[in-house]
Amino acid sequence: MSKGAILTDASSIPEVVQAMTLEEKARFVAGARAFETGPVDRLGIPAFVPADGHNGINFFQLLGNIIPKVLAKRGQSAGELRDPFRTMSDVGMAGIGNLLAGNLDPSNIESLSPENAAFLRDLSQAVQESLPEGGLPSCFPPGMVMGATWNPELVGECGRAVAKEAKAFGVDVLLGPNVNIHRDPLCGRAFESYSEDPYLASQTVIDYVKGVQGEGIAADVKHYAANNQEYMRQGIDEVIPERALREIYLPAFKAAVQEGGCWTVMSAYNKINGEDCALSKRLLTDILRGEWGFAGFVVSDWGAAYDRIQALNAGNDLEMPGPQNPQEVIDAVERGELGETTLDERVSNILGVLVKLPAFTGRERAAIDRAYSSQVARRVAVEGAVLLKNEDGALPIEEGSVIAVVGENAKNPIATGGGSAGVVSPYMVSLLEGLEARFGADAVRFGEIPANASCVVISVGVTSSEGSDRASLALADEDTALILETAETCRRRRIKTIVVLNVCGPVEMHGWIDEVDAVLIIWLGGMELGHAAAALLSGDENPSGKLPLTFPRRYQDTPSCLNFPGEFGRVVYGEGIYVGYRYLLKILGRTSFPRARIRVFANVT
Ligand code: BGC
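Definitions and cut-offs
- Residues numbered from 1 in each chain as written.
- Predicted model: local features only at pLDDT ≥ 70, side-chain atom pairs only at ≥ 80, totals over all residues.
- Heavy atoms only, no water.
- Near = heavy atom within 4 Å.
- Polar contact = N/O pair within 3.5 Å; in protein donor to acceptor, adjacent residues only side chain to side chain.
- Areas by Shrake-Rupley, 256 points an atom, 1.4 Å probe, with all protein chains shown as cover.
- Buried < 20%, exposed > 50% of the residue type's maximum accessible area, 1.4 Å probe, protein only.
- Helix = DSSP H or I, 4+ residues; strand = E, 2+ residues; numbered from the N terminus.
- Pairing = 2+ DSSP bridges.
- Right-handed = clockwise from strand over helix to strand, strands pointing away.
- Phe/Tyr/Trp six-rings, centres within 6.5 Å; stacked < 30°, edge-to-face > 60°.
- Lys NZ or Arg CZ within 6 Å of the ring centre and 35° of its normal.
- Disulfide = S-S within 2.5 Å.
- Core = buried A, V, L, I, M, F, W, Y, C linked by side-chain atoms within 4.5 Å.
- Domains from an automatic or database assignment.
- Contact = heavy atoms within 4.5 Å.
- Buried area = accessible area lost by both parts, 1.4 Å probe.
- Salt bridge = Lys/Arg side-chain N within 4 Å of Asp/Glu carboxyl O.
- Axes fitted to C-alpha atoms, helices over the stretch in contact; angles between N-to-C directions.
- Left-handed = near helix turned anticlockwise from the far one by under 90°.
- Nonpolar A, V, L, I, M, F, W, Y, C, P; charged D, E, K, R; others polar.
- Parallel < 35°, antiparallel > 145°, perpendicular 65-115°, else oblique.

Chemist: How would you summarise the site of the ligand if you had to cite specific residues and measurements?
Modeler: Neighbouring the ligand are 14 residues; Asp52, Arg189, His223, Tyr269 and Asp301 lie closest to it. With respect to the ligand, the side chain of Arg189 contributes an N or O atom lying 2.8 Å from an oxygen atom. At 3.0 Å, a side-chain N or O of Glu466 approaches an oxygen atom of the ligand. Within the complex, 94% of the 310 Å² of free accessible area of the ligand lies under protein.

Chemist: How would you explain the pairing of strand E10 (residues 403-406) if you had to name every residue and give the values?
Modeler: The two faces of E10 match: Ile403 and Val405 on one face and Ala404 and Val406 on the other face are all buried. Pairing of E10 with strand E11 (residues 444-446) involves three bridges; the strand directions are parallel. In the strand pairing of E11, Ala404 is matched with Arg445. Tracing the backbone out of E10, into helix H19 (residues 431-439) and back to the parallel element E11 gives a crossover that is right-handed. When E10 meets strand E12 (residues 455-462), the two strands line up parallel, connected through four bridges.

Chemist: Tell me about the packing of aromatic side chains, residues and numbers included.
Modeler: Applying the stated criterion across every chain, the model contains seven aromatic pairs. When the centroid spacing of 5.2 Å and the interplanar angle of 70 degrees are considered together, the rings of Tyr249 and Tyr573 count as edge-to-face. One end of the pair, Tyr249, is in helix H11 (residues 242-249); the other, Tyr573, is in the loop between strand E15 (570-572) and helix H22 (581-588), with 324 residues separating them in the sequence. The class of Tyr249 is buried, set by a relative accessible area of 2%. The class of Tyr573 is buried, set by a relative accessible area of 1%. Each residue in the set Tyr224, Phe253 and Trp292 is aromatic and connected to the rest through ring pairs, giving one cluster. Against the face of Tyr573 rests Arg183, its NZ or CZ located 3.9 Å from the ring centre. The ring of Phe439 is capped by Arg438, whose NZ or CZ atom sits 4.9 Å from the centre of that ring.

Chemist: Hey, could you go over the state of the cysteines for me, with residue numbers and the actual values?
Modeler: Tallied over the full model, the rule gives zero disulfides. In this structure Cys187 is not part of a disulfide, and its nearest cysteine sulfur, from Cys504, lies 10.0 Å away.

Chemist: Quick one: what's the story with the nonpolar core, residue by residue and with numbers?
Modeler: One finds Tyr224, Tyr249, Leu501, Trp512 and Trp523 to be the most contacted residues of the largest nonpolar core, which totals 118 residues. If one sorts the elements of this core by residue count, helix H9 (residues 152-168) sits on top with eight residues. The next biggest cluster of nonpolar side chains, apart from the first, holds 45 residues, and it includes Ala218, Leu318, Met320 and Ala332.

Chemist: Describe unusual backbone geometry, naming the residues involved and giving the relevant values.
Modeler: A cis amide bond, omega 5 degrees, links Tyr224 with the succeeding residue Ala225. Along the chain, Ala225 falls in the loop between strand E3 (218-224) and strand E4 (237-239). Of note, the amide linkage connecting Leu395 to Pro396 takes the cis form, showing an omega dihedral of -5 degrees. Its identity is not glycine, yet Trp150 carries a phi of approximately 50 degrees, on the positive side.

Chemist: Could you give an account of the domain arrangement of the chain, with specific residues and numbers?
Modeler: As assigned here, the chain comprises domain 1 (45-58 + 138-322), domain 2 (59-130) and domain 3 (374-588). On a C-alpha basis, the centres of domain 1 and domain 3 stand 27 Å from each other. Facing the 59 residues of domain 1 at the interface are 65 residues of domain 3. Roughly 4900 Å² of surface becomes buried between domain 1 and domain 3 when both sides are summed, with 63% attributable to carbon and sulfur atoms. Linking domain 1 to domain 3 there are four salt bridges. Of the charged contacts, one joins Arg233 and Glu466 as a salt bridge, the two residues approaching to 3.0 Å between their closest N and O atoms. Seen at the junction of domain 1 and domain 3, the total is 35 residue pairs in polar contact (both at pLDDT 80 or more). Only helix H8 (143-149), H9, helix H10 (198-213), E4 and H11 provide two or more residues apiece to the side of domain 1 that touches domain 3.

Chemist: Tell me what's going on with the packing of H9 against H10, and back it up with residues and numbers.
Modeler: Between H9 and H10, the shortest axis-to-axis distance is 7 Å and the interhelical angle comes to 35 degrees. In this structure, H9 meets H10 at a crossing whose hand is right-handed. Residue-level contacts link Pro152, Glu153, Val155, Gly156, Cys158, Gly159, Arg160, Val162 and Ala163 of H9 to Gln203, Thr204, Asp207, Tyr208, Gly211 and Val212 of H10. Considering only residue class, the contact of H9 with H10 consists of seven nonpolar, five polar and three charged.

Chemist: How would you explain the side chain of Gln213 if you had to name every residue and give the values?
Modeler: By the element assignment, Gln213 lies in helix H10. For Gln213, a relative accessible area of 10% corresponds to the buried category. Within the structure, the side chain of Gln213 is placed 2.8 Å from the backbone nitrogen of Trp263, a separation counted as a polar contact. Excluding residues that lie within four positions of it along the chain, Gln213 makes contacts with Ala218, Ala219, Gly260, Gly261, Cys262 and Trp263.

Chemist: How would you explain the packing of helix H18 (residues 370-384) against helix H21 (residues 529-537) if you had to name every residue and give the values?
Modeler: Put simply, H18 and H21 touch, their axes get as near as 8 Å, and they point 45 degrees apart. Here H21 runs oblique to H18, going by the angle between their axes. Of the two possible hands of crossing, H18 and H21 adopt the one that is right-handed. Residues Arg378, Ala381 and Val382 of H18 pack against His531, Ala532, Ala535 and Leu536 of H21. Classifying every residue of the contact of H18 with H21 gives five nonpolar, one polar and one charged.

And the structure:
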């Protein structure tokens, strides 16, 4: 063992790896906790923190790193409490929101045992201490909105803004961007990623990665590869023809590696043609490193390294989450099932990225620049919004109009979808607040259509989440009814009906679109949704977003519909390369919204 080895920069890595014991290496290739790796202090190797994600920091995940420190300070082990996360869920989501906001309501914790209540009080305090100046992270619009901007430069700016906040929160590796292709609009996570089109996804990811990494934070391009559904997400076998894999599902990853220069890639939960992605030498070594020249590290999706040794052999460098038992890796090396040089390579790959991260170069816990983040979040929401219909100049809404607003969604908007892309942000501007701020509170009437109303804005929402796919593309029945009833009233009164869709992706509109005058898709527009929507409805901003994926007239027009989400553990990509518009143009020769946008407003230059 070489003496005095210490991690100083990339050139010191070979010596440091040589100085590591087998046990240190075996520990190093897995996390130490859910969202943190372990240090090797004697060699100057610090721990680092990966966390989601693509459209803002998932602070909730960082709680998992704070909890053990609180327990240690209290001299308690997790075993003495109920599971800390279950203890937290005793106070419910609202309680957790309060915990994050630092105003843990005593009435919420009264029902808990004294130890659990004391733990939560200490946790709340530790959370406050760990928050950067400026508070909670910003919620930017998710990937589908970024894709809809067709503006890679702006997406790059968004990457920069998210990474600046990552630095403020002590996050080193941003678990995004998600570049999976929108194979089927029912996919529960489609809102997270850019497009059904590999070229748009590729052009968008390049700038995003550069934006993030320009701030010294690693982008983690996920989920490699073809993680296109949530049904049986851990282990579904995707039968994908080679041409579709190469032409549709891999290009965005290749662009992220070769043109974006991403430092890390996340191996996916699913199988491709019978092989688990995180255990696939073909994907992780032959294609990623061999063909594309990837030089960073591969981290497994959380729990995707179903066979740890096979994953290491295949080219998966870091297994998350941790901790894992290092003895299994030690035994595999001793039994000759895992070459020590292979293990050394895995460790070197991780160290090669680590020397570029704040954990190593030094953390600057700057304050959140909320004004900057808000402006970027708003810009993405504005440029991603798509005007699908605008008859007879229904939009923009004229100055001096009296605007009736209906639909609970106008008050309770959806900023982003659920799961790891969830972001608890410090504020959220609703459509109602946005309209009031733009037109004046007196000009905006919620829940009624006064006699002097000039138009009605109907706001409806649909969300989705990691963990399950959407059941259908329909709006909720009551929302469809609200649109139809309101449109009927508007027709009688000869005023315009404007629909704002706060949606996670395509919705079917055939039952109502002919009855309304204008449709604006604001998507899951992030925390600035209301300001962005108001700027577009008023004509202060020109709607310039374009659909990044096909809105089928009916779900049955989707090429994958007969093969989604599969059965008996398998899903066959029978449509081959004919994903989204490729199918519609080739087979049907038309799409519902061919140019994906309407004439720009005449009065906006
Ligand atoms: C998700 C990933 C995420 C990871 C860590 C997994 O369940 O699939 O997208 O980055 O969890 O939160």
